[in-house]
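As a plain string of letters, each chain reads:
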Amino acid sequence: MAAVPSWSSLALVPQEKRLFQASRGVLAGFLYKRNKTTVFKKAWDRGSSVTDSRNRKLGVICCTSMQDATSQLGESPEFTVLRIHYNRKDRRYENWGLHAWGDVSVHTFWEKPLYATGSDGFGLYWDVQVKPKGLLNFIIHKGEIKDCSGLISIGHADFWVISECSTIFTEKPDLDSMPKGNLSFSRAYWVSQKLLAWNMEIEHAQFSMFASKNANLNLSAGGVKGEDLVIQLEEEQGRLPIKVIEKFPHIAHYKALKLPDGLDKKYLVKSQLAIACIDADGIPVDATGIQLPGVLDDLFSYDGPLGPIFTQNSVMLHLWAPTAQSVCVLVYLSPSGGSLLESVQMKEDNGVWSVCGPKSWEGKYYLYEVTVFHASTQHVETCLVNDPYSRGLSANGERSLFVDLDNGSLKPEGWDSLAGEKPQFEAFTDITIYELHIRDFSVGDKSVDPNLRGTYLAFTLPDSAGVCHLKKLAESGLTHLHLLPSFHFAAVDDNKENWKFIDDERLASLAPDSEEQQAQIVTIQDEDSYNWGYNPVLWGVPKGSYSTNPNGSSRILEFREMVRALNSIGLRVIMDVVYNHLHASGPNDKDSILDKVVPGYYLRRNTDGLVENSTCVNNTASEHYMVNRLIIDDLLLWATEYKVDGFRFDLMGHLMKNTMISARNALDRLSREKNGVDGAKVYMYGEGWDFGEVAHNGRGINASQLNLTGTGIGSFNDHIRDSVLGGSPFGPPLQQGFVTGLSLQVGLSGNLREFVFTNHEGLEVKGSEVQTHDGVPVGYAGSPKETINYVSAHDNETLFDIIMLKAAKEVPLEERCRINHLATSIVALSQGIPFFHAGDDMLRSKSLDRDSYNSGDWFNRLDFTYESNNWGVGLPPKEKNGNNWPLMKRLLGNPSLRAGKHHILSAHENFQNLLRIRRSSPLFRLGTANAIQARVCFHNTGPSWIPGAIVMSIKDGDKGMPGLAQLDPLYRSVVVIFNARPSEFVAPISALKSLPLTLHSIQEASSDARVKTSFYDASTGTFKIPPRTTSVFVEAR
């Protein structure tokens, strides 16, 4: 080891002493002065040099531990060294690190934890510099996996912690005397009536299952105690059965354990259960709790009635709760408070609890009182809970409402015959979607009665500015209005009198790049009237905050009136459904419902028995039979009782493919004659992202983009989005797009996996052979109806905002607006189904907010007077946008980037024209992959292609002639040229030479002077397209 330099020999006088621990385990960093001049302030590792400000070598650090550092460099008297010891039963310590904060000198970040100082017979240990008599907070973790954590009051030099044990020891514990296992985890699975599965591989071991109805099980060094019953298990030879592996692929390698015959399994599932293993000498090895969904599905799958059923003289209630020990229904007269009218004990039959009540219950409120063992608390809990099949609620879901949805008083005029009056379309590829938040639509519309702003009924006002806007879009070709979540969700109080507001006039007076607007909004953001609504509590009841009265049945009637009104102006209604997660879980949260009724069943759990949270929180498990059933029942409810015309599935990839196919089949079986609905016209699509525990079919075949091919179910085409805009929503904001041709051509042709076209090398390739940067096929769809083309949605920045961020600073506003037009044209004129975010047609801005789910009305406003696009209303909330504030401040504070009314009206006109053009020819709406392959062709391809421009032609046949069938009575062919270049695109296209092409009459009649200069010379096949313009040429018949 090299000699440690003497600090005095370096002539350094310490000004401030601070130790840091480096990632490789050694560290120090001191701020020193030399001749009154600061020399350095740095951290270094063993062997690194200490240099002065002229980079002259002063010495080499040779410390190997924190103690070594403090002794070699001179320990700062305000700190001492504390050692944390860590033991894992599995002895697997790779990548476990320590996150520490509080009275420490060690500066750590979650992404870069402190790695162990060393190891000994107990396990790993960390040496941490701390202040004497201070407090140390710590978490031992590996990535996002957390183990031991706690708060240490510093008074000892050593502390010991053991994996999965909450105790922090001040003396070294005897590991042999510690309990083996942990009943707080559920690492075993009861997978079928006769089998359990556990990841335990020990020779000559004995396995037992323990049960306690009153949850008295406990674990000591001697094993599991407190049981009512012990059951000996028998090892099965070989793997788990194929049927079990298909349902639980993530435990395919687990050991199979067989239960003896003659057990009362229906009794057992109501108890606290544990499994334990002892070795050949009878010494305990491990013990854990048991997950029950497999056996619950095997024993209690149920297809009978659930929820309230109304007859002429009675009200029947049914609740599926096979693990419950007791269930009562509590009936109330009032929506909250007041006295209990009656409590009735329900009777159980094979896991279903039921009761027959009087007809007089209709219009009253109720809750269930469920007594059930809850693994999350290890206790038998008694919970008050809503009916999972509630059809009505009081404000904030405090109680369920007995309401008969077939009651005539809840039906708008003509409701039962509405199916025959809905706007018609021939095929799903005729659909065009506009995504809108219910509150955004009317909260700022001064033509709407103040009492109706932000409500369902705002859509029923035929002369309001917002409804007039939607009428114009519908007349131009818009077919479907997608509404963000409108079921009962958390985070917005249903009682309007409890809402908090900000002073809009005060905010409007502030600078466009001020921090003050967001600061004020953040102070009330959890108590105001705004949230996107992706916080599901109960799926089957409309949200009360959007109704005029959150108590009683108003929300039901008003939702139906909204649907009828939108249908009457030519728009079908799509509902945003969020079945992938729930807002709350456990026995105590007021918004927890399903997890109170059958704890641990509705939520997907990991191999420790803890709830998976990859969606954000409380992932649901559609692979479980009754979860799958609940989802399908809910879809049928909205389709039949509310006559919803389509469903958008949030994080659809977290649902199983089987759930989606079953839902599709169930909807297809609905008929106007029997159900009042043509279910085959109800469209389904969603987010097919493949991540989390379900990725790569980790929990069964999931509903991801690649897995849904051939199902007719749509998924969002993020590849066309990223091709147009550049990068991804998770990348740096300045990443550029197009608009580079190859992946965009795949998108324009419906994102079909089998579509063949010519790449930049002049070779023929399929859409599935073009790959993203991470090797994912760009083309995934089997037919165009499976592709949702979009460039913006409620998530991430608006289209206008992302263009403002990405465009070069010298690009003027007029050209940025043209880029906006160009992006919407790509979506509108692609094969597949176009999807637009509300306001794409009005240059909508959220003042650069990338995630406005809780940013209040201020950042989410829509202005249907077209006076403002909401740009420059302050810096967006810091939490999600703060890293980009310097860039944003420069843009928002630039007055030359503020759009005027003429810019907004131009965008609105352009958008309507695109809808009209799409509607003008069925060639833009081809229904099959074969039709697209036969009719769509790309030019300007191969090695000689001109970057930044795409030339697409679509040809038709002639009636009575061989070859292609005739689809379009007006046009024999259409040619679309997307020129994203800042300069004119000029190119001869030999394949299009001599065609009698003219600019589309809609563009000829538009007020866009630039597009009118588009030129085509038939004699040479040469096109001249102005900069940043999409031109459509047609060959008339």
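(A) Local environment of the packing of helix 6 (residues 465-476) against helix 21 (residues 901-920). With their axes 8 Å apart at the nearest point, helix 6 and helix 21 run at an angle of 30° to one another. Between helix 6 and helix 21, the contacting residues are H469, K472, L473, A474, E475 and S476 on the first element and H908, F911, Q912, L915, R916 and R919 on the second. A class-by-class count of the residues in the contact of helix 6 with helix 21 yields 4 nonpolar, 4 polar and 4 charged.

(B) View of helix 20 (residues 885-892). Turning to helix 20, its buried residues number three or more, namely W885, L887, M888, L891 and L892. The arc that holds every buried residue of helix 20, seen down its axis, measures 155°, which confines them to one face. On its buried side, helix 20 packs onto helix 8 (516-524), helix 16 (799-806), helix 17 (813-828) and helix 19 (878-881).

(C) Focus on the nonpolar core. Counting 206 residues, the largest nonpolar core has W190, W320, Y368, F459, F647 and F649 as the members making the most contacts within it. Per element, the largest residue contribution to this core is 9 residues, and it comes from helix 11 (residues 625-641). Aside from chain neighbours lying at most four places away, what touches F459 is L436, I438, F441, V467, L470, L481, L483, M562, A565 and L566. With 21 residues, the next largest nonpolar core counts L98, W126, C148 and V161 among its residues.

(D) Representation of the pattern of salt bridges in the model. Per the stated rule, a full pass over the model turns up 44 salt bridges. The residue D668 makes a salt bridge to R664 at a minimum N-O spacing of 2.9 Å. Note that D668 and R664 are positioned in helix 12 (residues 657-668) at a spacing of 4 residues, about one turn of the helix. For D668, a relative accessible area of 38% corresponds to the partly exposed category. Judged by relative accessible area, which is 8%, R664 ranks as buried.

(E) Fine view of the sheet that holds strand 23 (residues 307-310). The 4 strands lie next to each other as 23-24-28-27, forming an open sheet whose pairing is antiparallel. Strand pairing shows two members of the sheet lacking a second neighbour, strand 23 and strand 27 (347-349), which therefore form its edges. Neighbour-to-neighbour, the strand axes of the sheet open up by a mean angle of 30°, direction not taken into account.

(F) Highlighting the state of the cysteines. Counted by the stated rule, this structure contains 0 disulfides. No disulfide involves C328; its sulfur sits 13 Å from that of C383, the nearest cysteine. A residue is classified by how much of its surface remains accessible, and C328, at 10% relative accessible area, is buried.

(G) Geometry of the side chain of K543. Along the chain, K543 falls in the loop between strand 35 (536-542) and helix 9 (554-568). Relative accessible area serves as the criterion here: at 0%, K543 is assigned to the buried category. Within the structure, K543 has its side chain in polar contact with the backbone oxygen of F489 (distance 2.8 Å). Here V492 takes part through its backbone oxygen, which lies 2.8 Å from a polar atom of the side chain of K543.

(H) Spotlight on the sheet that holds strand 11 (residues 145-153). Here we have 3 strands laid out as an open sheet, ordered 7-10-11, and antiparallel in their pairing. Every other strand in the sheet has two partners, leaving strand 7 (97-102) and strand 11 as the edge strands with one partner each. Recorded for the sheet is a direction-independent mean angle of 20° between the axes of neighbouring strands. Inspection of the sheet shows strand 10 (residues 135-142) paired to strand 11 by 7 bridges, in the antiparallel sense. Counterpart to I139 in the pairing with strand 11 is S149.

(I) Quick look at empty space enclosed by the protein. Counting across every chain of the model gives 7 cavities of 30 Å³ or more. Counted by class, the lining of the largest cavity contains 12 nonpolar, 8 polar and 2 charged residues. Volume-wise, the second largest cavity comes out at about 110 Å³. Surrounding the second largest cavity, 13 residues form its lining, F248, R605, E623, H624 and R699 being those nearest its centre. Split by residue class, the lining of the second largest cavity holds 4 nonpolar, 4 polar and 5 charged.

(J) Expanded view of the pairing of strand 25 (residues 324-332). Across the 9 residues that make up strand 25, a large majority, 7, are buried. In this sheet, strand 26 (residues 340-345) lies alongside strand 25 in antiparallel orientation, the contact comprising 5 bridges. Looking at the pairing, L330 lines up with S343 of strand 26.

(K) Looking closely at the environment of E201. On the secondary structure map, E201 appears in the loop between strand 15 (195-198) and strand 16 (206-212). Judged by its relative accessible area of 58%, E201 falls in the exposed class. When the C-alpha positions of E201 and G223 are compared, they lie 18 Å apart, and in sequence the two are 22 residues distant. Beyond its immediate sequence surroundings of up to four residues, E201 is in contact with H253 and K255.

(L) Expanded view of the pairing of strand 30 (residues 379-385). With 7 bridges connecting them, strand 29 (residues 365-374) and strand 30 associate as antiparallel partners. Of the residues in strand 30, the one forming a bridge with H374 is H379.

Cut-offs and rules
- Residues numbered from 1 in each chain as written.
- Predicted model: local features only at pLDDT ≥ 70, side-chain atom pairs only at ≥ 80, totals over all residues.
- Heavy atoms only, no water.
- Axes fitted to C-alpha atoms, helices over the stretch in contact; angles between N-to-C directions.
- Helix = DSSP H or I, 4+ residues; strand = E, 2+ residues; numbered from the N terminus.
- Contact = heavy atoms within 4.5 Å.
- Nonpolar A, V, L, I, M, F, W, Y, C, P; charged D, E, K, R; others polar.
- Buried < 20%, exposed > 50% of the residue type's maximum accessible area, 1.4 Å probe, protein only.
- Arc of directions from axis to C-beta.
- Core = buried A, V, L, I, M, F, W, Y, C linked by side-chain atoms within 4.5 Å.
- Salt bridge = Lys/Arg side-chain N within 4 Å of Asp/Glu carboxyl O.
- Pairing = 2+ DSSP bridges.
- Disulfide = S-S within 2.5 Å.
- Polar contact = N/O pair within 3.5 Å; in protein donor to acceptor, adjacent residues only side chain to side chain.
- 1 Å grid on protein atoms, 1.4 Å probe; cavity = no way out; pocket = protein on both sides within 12 Å on 5 of 7 lines; lining within 4 Å.
- Points joined across faces, edges and corners; volume = space filled by probe spheres on them.

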